[in-house]
Structures are given as C-alpha cells and as structure tokens.
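# Topology and contacts: notes
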Amino acid sequence: CIPNEANAIDYRRTAGHWLKSHVDDRQLSREAIANLSLAGDCLMTFRYEKKTKKKMASIPNEHKVLLKRRTLQVLTGMARYDFSHGISNLDLISDRRISLTMRQSPLTTKT
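Notes on the structure in this doc start here. Bear in mind that the values here come from a model prediction, so they are computed numbers and not experimental data. (Residues numbered from 1 in each chain as written. Predicted model: local features only at pLDDT ≥ 70, side-chain atom pairs only at ≥ 80, totals over all residues. Heavy atoms only, no water.)

## Quick notes on the packing of aromatic side chains
In this structure the tally under the stated criterion is one aromatic pair. On the numbers, 5.3 Å between centres and 75° between planes, the contact of Y48 with F83 is edge-to-face. Remark: F83 occurs in strand β7 (residues 83-87) and Y48 occurs in strand β4 (residues 42-48); sequence separation between them is 35 residues. (Phe/Tyr/Trp six-rings, centres within 6.5 Å; stacked < 30°, edge-to-face > 60°. Helix = DSSP H or I, 4+ residues; strand = E, 2+ residues; numbered from the N terminus.)

Printed below as a string of structure tokens:
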C-alpha cells in the first residue's frame, strides 16, 4: 500500500477542537491508514462498532490508546474496520496536537 493522499490536522485544546468518532469509509481508502503524531500527546478512543449477532467476549467495547508525539499509528484489520476512532477535547493531553494522516485512495488518479 503506497499512500497517495495525506491530510494534516492542527488540534487546539483551548479552541475546543476534537476528532469526531468514525470508521473511515471503505470506498475512499484502501486497507492501511497511517497516522503520524507530529506534536502533542492525546488519547484516542476506539469503540467496537461491528454489528454482529455474536461478539467475542475478549474484545472490549471501548479502549483508549495513548498517542504520544512522534508516534506512528497504522490501522489495519479489526482496528481499521470494526472499531470507530476519535479524540474528545478532554483527551487532548497537550495544548496543541498536529497529526498527518496518510492513505491510499482509489479515487485519486495519477498525473
């Protein structure tokens, strides 16, 4: 998977910024999504979203993951498709967080 799209996000805790909990669209992104935390620490909340009749008991419904600055996070498999992820304003540990998200999109064409 070679990324062909990237977006940078500048979060400011005092301005009330946050990342709405979501599962990235399967049509807009291939398997892996990489997120590089450039500045600031935060807690990212993962929530189990897969709608199945039976869920394995060992899978927590919600889990918070510490993303320190200079952390590279790669979402694949269950983390990518079965869990939503988001960051509440209260979980922005630093006053400012900057992240770069990279993905391969089938919608972006080569020039």
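Now that the structure has been shown, we can carry on.
## Describing the side chain of S84
Mapped onto the elements, S84 comes out in strand β7. Here the side chain of S84 touches E49 through a polar contact of 2.9 Å, side chain to side chain. Here S84 is in contact with S21, H22, V23, T45, F46, R47 and E49, once residues within four sequence places are set aside. (Polar contact = N/O pair within 3.5 Å; in protein donor to acceptor, adjacent residues only side chain to side chain. Contact = heavy atoms within 4.5 Å.)

## A closer look at the pairing of strand β6 (residues 72-75)
Of the two faces of β6, only the one carrying Q73 and L75 is buried; L72 and V74 on the other face are not. Pairing of strand β3 (residues 33-39) with β6, which is carried by four bridges, proceeds in the antiparallel orientation. Bridge pairing in β6 links N35 to Q73. (Buried < 20%, exposed > 50% of the residue type's maximum accessible area, 1.4 Å probe, protein only. Pairing = 2+ DSSP bridges.)

## Regarding the environment of H17
The topology assignment puts H17 in the loop between β1 (5-12) and β2 (19-22). Aside from chain neighbours lying at most four places away, what touches H17 is D10, Y11, R12, N89 and L92. For H17, the side chain forms a polar contact with the main-chain nitrogen of R12, separated by 2.7 Å.

## Focus: the nonpolar core
In terms of nonpolar packing, the biggest core is built from twelve residues, these being Y11, L19, C42, M44, F46, Y48, I59, L67, L75, F83, I87 and L92. The element best represented in this core is β4, accounting for four residues. Other than its neighbours up to four places away in sequence, F46 contacts N61, E62, H63, V65, Q73, L75, A79, F83, S84 and H85. (Core = buried A, V, L, I, M, F, W, Y, C linked by side-chain atoms within 4.5 Å.)

## Quick look at the pattern of salt bridges
Under the definition given, this model contains six salt bridges. One salt bridge connects R13 with D95, and the closest N-O pair in it is separated by 2.1 Å. Here R13, found in the loop between β1 and β2, pairs with D95, found in the loop between β7 and β8 (96-103); they are 82 residues apart in sequence, far enough to count as distant. By relative accessible area, D95 is classed as partly exposed at 46%. Of the charged contacts in the structure, one is a salt bridge between D24 and R103, with a shortest N-O distance of 3.2 Å. Of this pair, D24 sits in the loop between β2 and β3 while R103 sits in strand β8, placing them 79 residues apart in sequence. The same class applies to D24 and to R103, which are both buried. Taken together, the shared-partner salt bridges in this structure form one network comprising D10, R12 and R96. (Salt bridge = Lys/Arg side-chain N within 4 Å of Asp/Glu carboxyl O.)

Geometric values such as these leave the question of function open.
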